[in-house]
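Here are the chains, one letter per residue:
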Amino acid sequence: MTAVVFEIDQAHAMADQKVPGHNRWHPDIPVAVEVNPGDEFRVECREWTDAQIGNNDSANDVRDVNLDKCHMLSGPVGVNGAEPGDLLIVDILDLGPVPLEEGPAPGQGWGYTGVFARNNGGGFLTDYFPDSLKAIWDLHGQQATSRHLPGVRYTGITHPGLFGTAPSADLLGRWNDRERALIATEPQRVPPLALPPNEKDALAGTLAAGSPEFVKVAQEGARTVPGRENGGNQDIKNFSRGSRVYVPVWVEGAKLSVGDLHFSQADGEITFCGAIEMGGFIDFGVDLIKGGMEAYGVTTNPVFLPGNVEPRYSEFMSFVGVSVDHDTNTNYYMDATIAYRRACLNAVEYLKKFGYSGEQAYLILGSAPIEGRISGIVDIPNACCTMYVPTGIFDFDVRPSADGPERVARGACAVTS
Ligand code: ZN
């Protein structure tokens with residue numbers, strides 16, 4: 001029997017839970033619960049914005065989302081006996097949306113994919129899609145459909161977007177130093193190059209707001225957006241059920257935290273809020289490899305064995321991009337980011353021929369179980385990236401033929417008013 005060691009009542013905000021979680025990385029956030037190596041246990045999660053997004057047909061809530069609150073994490077879970085230098089074995093045994101509940105919080109029978117506005121988060125194609133967008137997904141067991149994206153039904157690749165261990169004070173200091181240095185190269189950039197610590201709306205578990213301990217966490221705590229040496233928001237879709245992840249331990253007890261559960265997501269999560277976002281539950285098993293960081297040379301990022309439960313798609317329509325801006329005929333040298341962006345834009349243009357808006361195509365390409373690959377990284381000057389879209393996610397034939405594309409009206413996604 002798997003015990004629930006971190007409980008969530010989806011009717012209440014994270015700050016109002018019996019034991020609140022947190023939304024910054026800091027070594028001084030107290031352990032919420034202790035487990036032992038070898039234990040298996042359940043952690044319940046809020047959706048990453050703490051349910052600021054509603055099941056409706058307007059993207060105004062995505063446009064106005066307060067990102068200072070994000071990500072809402074459950075934990076920290078203290079693992080007895082864990083010490084700096086160990087590898088924490090994290091088995092992802094199971095996860096899913098909120099069981100047997102319908103309601104207004106994401107994960108209660110539904111989820112959403114969002115596109116942030118350029119001036120509040122942005123995304124991979126923000127130069128082409130600067131406004132907020134949203135698609136609501138209804139969850140049917142393993143499958144998802146959206147009233148905003150007719151013609152699409154797929155099996156999700158369910159995984160946590162974010163889990164990791166707490167940083168040491170030294171590691172946290174290094175994060176803040178290097179990210180501040182990056183921000184200083186272009187401090188006025190929109191969207192920003194990185195997010196520095198921000199006291200506003202910080203949540204630090206059981207530390208009382210205003211206490212000296214809380215203020216220290218709020219002033220120093222790292223934001224949760226990027227993946228780092230502790231794991232964190234890596235958004236790796238293959239952390240699906242059955243995966244085993246080896247995470248560096250930086251503090252006594254490891255302090256494992258988790259959130260940002262995804263019903264599905266494409267490689268790259270290109271819209272930034274591009275998964276099917278949900279609250280729900282995750283079942284972990286944990287164990288330790290004492291001294292594993294040094295023994296295996298795993299000192300800057302986790303390693304993992306991908307999950308063994310995935311959608312069974314075998315045929316893909318694949319889009320190619322190279323590191324060229326075709327609009328200005330500018331060549332970039334071996335830039336895989338530019339190449340992948342081109343692959344995405346090529347996929348958007350293709351799907352528009354079947355009646356989707358570019359906005360709808362963007363939402364599909366962020367959330368479906370799509371494979372993104374670096375196909376060539378040596379053929380100067382053009383990096384080559386590819387985006388593999390499963391043909392089976394569409395209820396029409398998406399492959400090219402002499403008959404031409406089946407262009408029909410395909411509704412609209414949620415936009416702002
Ligand atoms: Zn997410």
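Residues numbered from 1 in each chain as written. Predicted model: local features only at pLDDT ≥ 70, side-chain atom pairs only at ≥ 80, totals over all residues.

### Section: the overall build of the protein
Part 1 of the argument: Regarding its fold elements, the protein presents six helices and 23 strands.
Part 2 of the argument: Radius of gyration (C-alpha) of the protein: 21 Å, near the 22 Å computed for a compact globule of 417 residues.
Part 3 of the argument: Overall, the protein is about 65 × 50 × 40 Å in size when its C-alpha atoms are taken along their principal axes.
Part 4 of the argument: Sorting the 417 residues of the protein into buried and exposed places 48% on the buried side.
Part 5 of the argument: For the protein, contacts bridging at least 24 residues in sequence account for 78% of all contacts bridging at least 6. (Helix = DSSP H or I, 4+ residues; strand = E, 2+ residues; numbered from the N terminus. Rg over C-alpha atoms; globule rule 2.2 N^0.38 Å. Buried ≥ 20, exposed ≤ 12 C-beta atoms within 10 Å, placed from the backbone. Contact = placed C-beta atoms within 7 Å.)

### Some details on helix H3 (residues 212-220)
Part 1 of the argument: Among the residues of H3, Phe214, Val217 and Ala218 are the ones counted as buried. Looking straight down H3, one finds its buried side chains confined to an arc of 95°; they lie on one side. (Arc of directions from axis to C-beta.)

### Description of the sheet that holds strand E3 (residues 40-45)
Part 1 of the argument: In space, the six strands of this open sheet follow the order E1-E3-E16-E5-E13-E17, with mixed pairing throughout. Of all the strands in the sheet, just strand E1 (3-6) and strand E17 (303-305) have a single pairing partner and so form its edges. Geometrically, the sheet is characterised by an average inter-axis angle of 35° between neighbouring strands, direction not taken into account.
Part 2 of the argument: When strand E5 (residues 87-97) meets strand E16 (residues 280-289), the two strands line up antiparallel, connected through ten bridges. Looking at E16, one finds that Pro97 is bridged to Gly280. (Pairing = 2+ DSSP bridges. Axes fitted to C-alpha atoms, helices over the stretch in contact; angles between N-to-C directions.)

### Concerning helix H6 (residues 358-367)
Part 1 of the argument: Judged by how many residues are buried, H6 sits mostly within the fold: nine of ten residues are covered.
Part 2 of the argument: Those residues of H6 not exposed but buried are Glu359, Gln360, Ala361, Tyr362, Leu363, Ile364, Leu365, Gly366 and Ser367.

### Some thoughts on the environment of Thr271
Part 1 of the argument: By secondary structure assignment, the location of Thr271 is in the loop between strand E14 (256-262) and strand E15 (272-278).
Part 2 of the argument: Along the sequence, Thr271 and Phe129 sit 142 residues apart, while their C-alpha atoms lie 9.4 Å from each other.
Part 3 of the argument: Once residues within four sequence positions are removed from consideration, Thr271 is found in contact with Thr113, Gly114, Val115, Gly123, Tyr362, Leu363 and Gly366.

### Concerning the nonpolar core
Part 1 of the argument: By size, the foremost hydrophobic cluster in this structure holds 110 residues, and its most contacted members are Leu88, Cys344, Ala347 and Leu365.
Part 2 of the argument: With nine residues, the top contributor of residues to this core is helix H5 (residues 336-352).
Part 3 of the argument: With sequence-adjacent residues up to four places away left out, Leu88 is seen in contact with Val79, Ala82, Thr165, Val247, Val249, Ala254, Leu256, Val286 and Leu288. (Core = buried A, V, L, I, M, F, W, Y, C linked by C-beta atoms within 7 Å.)

### As for the domain arrangement of the protein
Part 1 of the argument: Domain annotation for the protein reports domain 1 (3-305) and domain 2 (316-411).
Part 2 of the argument: Placing a centre on the C-alpha atoms of domain 1 and another on those of domain 2 gives a separation of 28 Å.
Part 3 of the argument: Contacts between the two partners involve 28 residues from domain 1, matched on the other side by 24 residues from domain 2.
Part 4 of the argument: Contributing elements (two or more residues each) for the side of domain 1 that touches domain 2: strand E6 (110-115), strand E7 (133-140), strand E9 (153-155) and E15.
Part 5 of the argument: Considering every element that reaches the side of domain 1 that touches domain 2, the biggest residue donor is E15, with three residues.
Part 6 of the argument: Looking at the side of domain 1 that touches domain 2, its residues break down into 16 nonpolar, nine polar and three charged. (Domains from an automatic or database assignment. Nonpolar A, V, L, I, M, F, W, Y, C, P; charged D, E, K, R; others polar.)

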